[in-house]
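Single-letter residue listing:
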Amino acid sequence: MVNAVYDHIVAILIICAMFTAAVIVLPQISIANIKTVDQQQLRNTALNVFNTMLLDIGLGINGTDLTTDWGSIIDWSEDKVIKFGLASSRDSTFYVLDPNKVQRLVKDNPLGQLSYTRVKEILGLQDYGFYFKISPPFNVTNLDGTRIDGTHSPLKLTGSTLSYAIKVTHLDGRPIPNATVTAYIFYTTNDKFFPPVYITRFTDALGKSEASISLETTGVESLVAVFRVTVSDVATVVVTYKSGSVNIVDINLVGDNLILTRTKATPNDNVWIMNATYITGNFGDLKYLFNSSRKNDKNYQLNTGNFMMWSRKYNGLSYDDPVCFVLNFWAVDPTKDPDDPKNGRTEIVIAGPFQNIMGYSVFDYGDRPRSQGAVRLQRSVIISGMTYTAELWLWKETP
């Protein structure tokens, strides 16, 4: 009889334990499973969005025609983009992006940009937030680690001697030895544009590269250096200024159209383009678009009163994948005689057209991640023959 009582007590305890597990433990397991499923669904959505961005060529309306080159529409408005995708329509290789399309995501693009709201609408992401970023594959900085920009330059000019010192590191800060550093140096005096200086050096064990260059003259008024840094056949480009360089214009490339637009710093002077050249991703020989035969050539005078000051189409230019243009300007006070060389000055302007994704700045787009459950994806992409890292963060927005 006693054994039977004990058996009943044990059975009751087992049943209570099973009930407790069913009431307390199983719901916890179910919640964990639901969270896992939700996170996997979010990751699948992020992967689909990322593939659409990087592999789809998209579609736009140019006038009455449909075009896959929607980033090259001259008469731009964001409602003309009806399908989003950054892939190049000229290259069937995966993860090759069209620089004109990428430029439409750049903040304050003077020729028009595609808004975050519009991209979310096209991609059907009304209930999601995302952050998209394109950055160089490694860091190129000043020796102290500061970013190379208009305020912090690695260039030092003493008389006719120009020296520079830069540092190349992995994204986690580790130095990169034996990186190839190639520099083009462009400079002018008050009234003369000199042939560019070309130099190649390598980084040491600490990732540092230093050099000194003798220029042809003292009294340099405007100077620009373009660095191409290569690590294991992967390269990035960094541009830096020195001395009197100013932002006379914004340089834009839309398809094969070179377009100069007015900036806040554009002077009221009469301005002419003296010559124009560009650098491709492989840093081969400089290619000249033109050399003006004389100062004050009417064919190359800028209409400084207009927002779009000068434009010209060069058939096939975009196929060369130019990564930056170098324009030499002649500027004269409008109250003075433009034919008197004493009244003018030369200025160098160098820019993109993809300056927002070069080494001295970071291209980003969208909203900053605001959820701990955000999914992050990365992929190497090619733009104008150069390798960059594309990154997407996606999260579910709360109502």
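Residues numbered from 1 in each chain as written. Predicted model: local features only at pLDDT ≥ 70, side-chain atom pairs only at ≥ 80, totals over all residues. Heavy atoms only, no water.

Asker: Could you give me a rundown of the sheet that holds strand E18 (residues 308-313), with the residues and numbers involved?
Answerer: Strand order in the open sheet formed by 3 strands is E14-E15-E18, and the pairing between neighbours is antiparallel. One side of each edge strand has no neighbouring strand; the edge strands of this open sheet are strand E14 (249-254) and E18. Taking each pair of neighbouring strands and ignoring which way they run, the sheet shows an average axis angle of 15 degrees. Note: E14 against strand E15 (residues 257-262), 6 bridges, orientation antiparallel. Counterpart to Leu253 in the pairing with E15 is Leu258. (Pairing = 2+ DSSP bridges. Helix = DSSP H or I, 4+ residues; strand = E, 2+ residues; numbered from the N terminus. Axes fitted to C-alpha atoms, helices over the stretch in contact; angles between N-to-C directions.)

Asker: Lay out the pairing of strand E8 (residues 161-169) in plain terms, naming residues and giving numbers.
Answerer: Summarising the sheet, strand E6 (residues 139-142) and E8 pair through 4 bridges and their orientation is antiparallel. Residue pairing across strands places Thr141 opposite Lys167, the latter belonging to E8. With 4 bridges connecting them, strand E7 (residues 155-158) and E8 associate as antiparallel partners. Along E8, the bridge assignment pairs Leu155 with Tyr164. Hairpin remark: E7 followed by E8, antiparallel, with 2 residues in the connecting loop; positive phi at Gly159, about 65 degrees.

Asker: Break down unusual backbone geometry for me, with residues and values.
Answerer: One non-glycine residue with positive phi stands out, namely Ser232, at about 50 degrees. The topology assignment puts Ser232 in the loop between strand E12 (222-231) and strand E13 (234-243). When its relative accessible area of 68% is taken as the criterion, Ser232 is described as exposed. (Buried < 20%, exposed > 50% of the residue type's maximum accessible area, 1.4 Å probe, protein only.)

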